[in-house]
Amino acid sequence: MQDSEIVNKIKEKYFQKFGQSSKPEQVRVFRSPGRINLIGEHTDYNNGFVLPASVDKAVYFVIEPREDDQVILHAADLDETYSFSVEDLSKPAQSWAHYQLGIIEQIYKKGLKIGGFQTTFGGDVPVGAGLSSSAALECCLLFALNELYDLNLDRFSIVKMSQKAENEYVGVQCGIMDQFASAFGKEESVIRLDCRSLEYEYFPFPMQDYLLVLCDTSVKHSLASSEYNTRRLECEKGIAILQKYYPEVQSLRDATPEMVETHKDELGDIVYRRCKFITEEIQRVQDACDLLVEGNLIDFGKKMYATHQGLQHEYEVSCPELDFLVDQTLSDPNVLGSRMMGGGFGGCTINLVKKEAVDAFEQKMKAAYQEQYQIDLPCYKVKITAGTGEII
Ligand code: GAF
């Protein structure tokens, strides 16, 4: 669906819910996209590099300030409402509202103030598919409130506060990649982000004759969040051991695959494999960017496969459904690269597929997945679009 169609639908629901505004100029619309990640998985919380981009699936808020202190959140897709006083941040039963309350909490933690507001929000980022609809929600609301209440926050603050909302209020210990990609995305470009310094560079993504297609396993194994936290702890164990020999290693970003190899025995099998993957993956992002500059999509695709191998066997965050989908592409000459994307244990694979073969690719993947798991496989062709902003 086009942006304008979705916006019209959400606007319609807003006016059905709240009636016509007495000050129509105060009703504004904001958009934050979901994200993909080409290479650089689980490297963000290791202070490494990532290569995400924001896509043409987004969250939209139709929003207006209120004269009282009430906040009315209306989730268009669920047709559910949660209302509260702007100063009451107690956790509601509706988990979808935690992201918005987390944002308000961060505004207070900065010593800033806002008044009441009413909003209808919705969009087309598939939930639970690994496109980070949660980061899009957080960035969109904070960007909107920043405009409505002149909070004077720059994009970096919006990103950091959105990540903190997720860490502190929602309780998910995510890194910074998703919020950064949603806020800083640029049309037809991937972002190489240094998660330590937050320096970033855009690389035009030369699609040539290829398209990016996501294949959504439609599963989310319950291990996802506990294993995510376990991986973080395993990386910390690795750092503590490497630090004994290399005091300059403050995070795995400062370590090299050679250091990890040298201390293989002391790291032990599991921590060794985690550290090996992360140090190699950080290097892989840099190499992948060189390939983009050369326009070498063939070798770029090989890096995507290498990332998947590492995530499957060394970092162990894949799952049979994701591995199955990647395996299906291995003998397909129209696919340059395929890998699981995001935190793992479900969600999507990202595939670089020859344009003219995309329809056949989708059909083949759907049929194979149906036969293996008796599950329908949604496939999304994604375009890289701009990051968070107002729709005028
Ligand atoms: C999830 C997290 F939210 C990100 O911060 C990142 O760690 C990703 O998993 C793995 O690369 O999306």
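Conventions we followed
- Residues numbered from 1 in each chain as written.
- Predicted model: local features only at pLDDT ≥ 70, side-chain atom pairs only at ≥ 80, totals over all residues.
- UniProt positions renumbered as here; feature names shortened; annotations may be inferred.
- Helix = DSSP H or I, 4+ residues; strand = E, 2+ residues; numbered from the N terminus.
- Near = placed C-beta within 6 Å.
- Nonpolar A, V, L, I, M, F, W, Y, C, P; charged D, E, K, R; others polar.
- Pairing = 2+ DSSP bridges.
- Contact = placed C-beta atoms within 7 Å.
- Buried ≥ 20, exposed ≤ 12 C-beta atoms within 10 Å, placed from the backbone.
- Expected span 1.5 Å × (residues − 1).
- Core = buried A, V, L, I, M, F, W, Y, C linked by C-beta atoms within 7 Å.
- Axes fitted to C-alpha atoms, helices over the stretch in contact; angles between N-to-C directions.
- Parallel < 35°, antiparallel > 145°, perpendicular 65-115°, else oblique.
- Left-handed = near helix turned anticlockwise from the far one by under 90°.
- pLDDT = per-residue confidence, 0-100.

**Overview of the UniProt feature "domain: Galactokinase N-terminal" (unreviewed entry) in the protein chain**
Feature annotation in UniProt places "domain: Galactokinase N-terminal" (unreviewed entry) on residues 13-65, given in this structure's numbering. Each end of residues 13-65 is marked by a C-alpha atom, and these two atoms are 17 Å apart; helix forms 11% of the span and strand 49%.

**Details of the site of the ligand**
The environment of the ligand is made up of Glu-41, His-42, Asp-44, Tyr-45, Ser-132, Cys-174, Gly-175, Met-177, Asp-178, Gly-342 and Gly-343. Looking at the shell around the ligand residue by residue, the class counts come to 3 nonpolar, 5 polar and 3 charged.

**Details of the pairing of strand β8 (residues 200-204)**
Sheet topology note: the strand β7 (residues 189-194)/β8 ladder contains 5 bridges and is antiparallel. By the bridge assignment, Arg-192 is partnered in β8 with Glu-201. Remark: 5 residues form the turn of the hairpin made by β7 and β8, two consecutive strands paired antiparallel; Leu-198 in that turn has positive phi of roughly 65 degrees.

**Looking at the UniProt feature "binding site: substrate" (unreviewed entry) in the protein chain**
UniProt annotation of "binding site: substrate" (unreviewed entry) refers to Glu-41, His-42, Thr-43, Asp-44 and Tyr-228 when read in the numbering used here. On the basis of their most widely separated C-alpha atoms, the annotated residues across 188 residues gather in one place, lying no more than 12.4 Å apart. Looking at the element boundaries, His-42 is found in the loop between β1 (28-37) and β2 (49-50). What His-42 contacts, discounting residues up to four positions off in sequence, is Arg-231, Ile-278 and Tyr-315. What makes Thr-43 buried here is the crowd of 27 C-beta atoms within 10 Å. When neighbours within four sequence positions are excluded, Thr-43 is seen to be in contact with Gly-48, Phe-49, Val-50, Cys-195, Ile-278, Glu-281, Ile-282 and Val-285.

**A short note on helix α4 (residues 155-170)**
Taking 1.5 Å of rise per residue, 16 residues should cover 22 Å, and α4 covers 21 Å from first to last C-alpha, within 8% of that figure. Within the sequence span of α4, burial applies to Ile-158, Val-159, Met-161, Ser-162, Gln-163, Ala-165, Glu-166 and Tyr-169. Tucked inside the fold, the buried residues of α4 contact α2 (98-109), α3 (133-148) and α5 (177-184). In the stretch just after α4, Gly-171 is the one whose phi turns positive, near 90 degrees.

**Comments concerning the nonpolar core**
The biggest cluster of nonpolar side chains holds 105 residues, and the ones touching the most others in it are Ile-36, Phe-61, Cys-140 and Cys-275. In this structure Cys-140 touches Phe-30, Arg-31, Ser-32, Val-59, Phe-61 and Thr-388, once residues within four positions along its chain are discounted.

**Overview of α2**
Between its first and last C-alpha atoms α2 spans 16 Å; for 12 residues at 1.5 Å apiece the expected length is 16 Å, and the two agree. Turning to α2, the residues buried within the fold contact β4 (70-75), α3 and α4. Where α2 terminates, the next one or two residues include Gly-111, which has phi positive at roughly 80 degrees.

**Some words on the packing of helix α11 (residues 320-329) against helix α12 (residues 358-373)**
Relative to each other, α11 and α12 sit at 140 degrees, their axes nearing to 11 Å. Classed by the angle they form, the pair α11 and α12 counts as oblique. Considering how the two elements wind past one another, α11 and α12 form a crossing that is right-handed. Mapping the contact onto sequence places Glu-321, Phe-324, Leu-325 and Gln-328 in α11 and Met-365, Ala-368, Tyr-369, Gln-372 and Tyr-373 in α12.

**Examining the packing of α3 against α4**
The contact between α3 and α4 brings their axes to 9 Å, and the two run at 130 degrees. Judged by the angle between their axes, α3 and α4 are oblique. Seen from above, α3 lies across α4 with right-handed handedness. For the pair formed by α3 and α4, the contact residues are Ser-134, Ala-135, Glu-138, Cys-139, Leu-142, Phe-143 and Asn-146 on the first element and Ile-158, Met-161, Ser-162, Ala-165 and Glu-166 on the second. For the contact of α3 with α4, the class distribution of residues is 7 nonpolar, 3 polar and 2 charged.

**Some remarks on the sheet that holds β4**
With respect to topology, 6 strands assemble into an open sheet ordered β5-β4-β6-β3-β1-β13, the strand pairing being mixed. Only two strands of the sheet have a single partner each, and these edge strands are β5 (80-85) and β13 (389-391). Recorded for the sheet is a direction-independent mean angle of 25 degrees between the axes of neighbouring strands. As judged from the 3 bridges shared by β1 and β13, these two strands associate in the antiparallel manner. Directly across from Arg-31, in β13, lies its bridge partner Gly-389. Contacts from α5 reach β1 and β3 (52-65), with the element oriented near 130 degrees to β1.

**Description of the environment of Glu-64**
In this structure, Glu-64 sits in strand β3. Since 20 C-beta atoms lie within 10 Å of it, Glu-64 is described here as buried. As for Glu-64 and Leu-145, which are separated by 81 residues in sequence, their C-alpha atoms are 9.5 Å apart. Look past the residues within four positions of Glu-64 in its chain and what remains in contact with it is Ser-21, Gln-26, Val-27, Phe-117 and Gln-118.

**Some details on the confidence of the model for the protein chain**
Looking at the protein chain, the pLDDT average stands at 97 and 100% of residues meet or exceed 70. Among the scores for the predicted complex, ipTM is 0.99 and pTM is 0.97.

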